[in-house]
Amino acid sequence: MANADSHRRLYRVAFYNQGEVYEVYARSVSQGGLFGFVEIEELVFGERTTLVIDPAEEKLAEEFSEVKRSYIPMHSIIRIDEVERRGTAKITPADSDSKVRPFPVYTRQGPGSGGHGSGSNT
């Protein structure tokens, strides 16, 4: 019965993508096999047979139509919610005045190193 219950679960995932906020619905969300990425599978969109079609949701459905699984960089994720019902998938402009900033990703050299080695005075 747990398998049937897990198939019924639905998640709303909001993430940044090229200056916009994407909000999609998926049946499966996990840490995934790629370090630093969140894996989303089985994206859920509205019925294409309905008379009223939301253009934003239609655009998302087309963009993800051939996608089996998507890997979203962890620092792009805004929020993941488990929800009872599917809402409308949408794309909105990212708020440039927002006080929320992506988590900084540091390289091996550390923040602010500018790619230069340390300890050399030459």
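The rules behind these values
Along each chain, numbering runs from 1 in the same order as the chain's sequence is written. Local features in this predicted model are restricted to residues whose pLDDT is 70 or higher, and side-chain atom pairs enter the listing and the counts only when it is 80 or higher, whereas totals over whole chains, interfaces and linings include all residues. As a rule here, side-chain values come from all non-hydrogen atoms in the structure, and water together with hydrogens is ignored. Note on terminology: a nonpolar core comprises buried Ala, Val, Leu, Ile, Met, Phe, Trp, Tyr and Cys residues joined through side-chain atoms within 4.5 Å. Three labels apply to residues, based on accessible area from a 1.4 Å probe with only protein chains included: buried if under 20% of the type maximum, exposed if over 50%, partly exposed otherwise in between. Secondary structure elements are taken from DSSP: a helix is a run of H or I of four residues or more, a strand is a run of E of two residues or more, and numbering for both begins at the N terminus. Working rule for contacts: check all heavy atoms of both residues, and any pair within 4.5 Å makes them a contact. Strands were regarded as paired on the criterion that DSSP finds at least two bridges between them. A carboxyl oxygen of Asp or Glu within 4 Å of a side-chain nitrogen of Lys or Arg is what we treat as a salt bridge. Each Phe, Tyr or Trp ring (for Trp, its six-membered ring) is paired with any other whose centre lies within 6.5 Å, and the angle between the two planes then decides the class: stacked below 30 degrees, edge-to-face above 60, tilted in between.

S.K.: Sorry, what's going on with the nonpolar core here?
M.R.: Soluble globular proteins tend to bury their nonpolar side chains together. Counting residues in hydrophobic clusters, the biggest one holds 17 residues, and the most contacted among them are Val 13, Phe 15, Val 24, Ile 40, Phe 45, Leu 60 and Phe 64. Listed by contribution, the elements that provide at least two residues to this core are strand S1 (10-17), strand S2 (20-30), strand S3 (37-44) and helix H2 (55-63). Residues in contact with Leu 60, not counting those within four places in the same chain, are Tyr 22, Glu 23, Val 24, Phe 45, Ala 89, Lys 90 and Ile 91.

S.K.: Would you mind going over the pairing of strand S4 (residues 69-73) with me for this structure?
M.R.: Side-chain alternation along S4 places Ser 70 and Ile 72 on a buried face and Arg 69, Tyr 71 and Pro 73 on a face that remains uncovered. Sheet analysis places S3 next to S4, joined by five bridges and oriented antiparallel. Residue Glu 39 lies in a different strand from S4, and its bridge partner there is Tyr 71.

S.K.: Honestly, unusual backbone geometry in this entry has me stumped. Any pointers?
M.R.: Trans peptide bonds make up the majority, and among non-glycine residues the majority have a negative phi. The phi dihedral of Gln 18 is positive, around 50°, even though this residue is not glycine. Inspection of the secondary structure puts Gln 18 in the loop between S1 and S2. On the accessibility criterion, Gln 18 (75% relative accessible area) is exposed. Positioned with a positive phi, Glu 42 is a non-glycine residue whose angle comes to about 55°. Examined against the element boundaries, Glu 42 turns out to sit in strand S3. Classification of Glu 42 as partly exposed rests on a relative accessible area of 41%.

S.K.: Explain the pattern of salt bridges to me, please; I cannot follow it from the model alone.
M.R.: Pairing between side chains of opposite charge can happen when the charged atoms of each approach one another. Applying the stated criterion to the full structure yields five salt bridges. The salt bridge involving Arg 9 is made with Glu 82; its shortest N-O contact spans 3.7 Å. Within this pair, whereas Arg 9 is found in the loop between helix H1 (2-8) and S1, its partner Glu 82 is found in strand S5 (residues 77-83), the two being separated by 73 residues in sequence. Accessibility expressed as a relative area gives 35% for Arg 9, which makes it partly exposed. Using a relative accessible area of 52% as the deciding quantity, one classes Glu 82 as exposed. One salt bridge in this structure joins Glu 39 and Arg 69, with 3.3 Å as the shortest N-O distance. Of this pair, Glu 39 sits in strand S3 while Arg 69 sits in strand S4, and the two are 30 residues apart along the sequence. Residue Arg 69 is classed as partly exposed on the basis of its relative accessible area, which comes to 34%.

S.K.: Is there a simple way to think about the packing of aromatic side chains in this case?
M.R.: For any pair of aromatic rings, the description consists of the separation of the ring centres together with the inter-plane angle of the planes. This model, assessed by the stated rule, comprises two aromatic pairs. Taking 5.5 Å as the distance between ring centres and 35° as the angle between the ring planes, the aromatic pair formed by Phe 15 and Tyr 22 counts as tilted. Each member of the aromatic cluster is reached from another via a ring pair, and the members are Phe 15, Tyr 22 and Phe 64.

S.K.: How do you make sense of the side chain of Ser 76 when you look at a structure like this?
M.R.: With respect to the secondary-structure elements, Ser 76 resides in the loop between S4 and S5. Judged by relative accessible area, which is 13%, Ser 76 ranks as buried. Ignoring any residue separated from it by four or fewer positions in sequence, one finds Ser 76 in contact with Ala 14, Phe 15 and Tyr 16.

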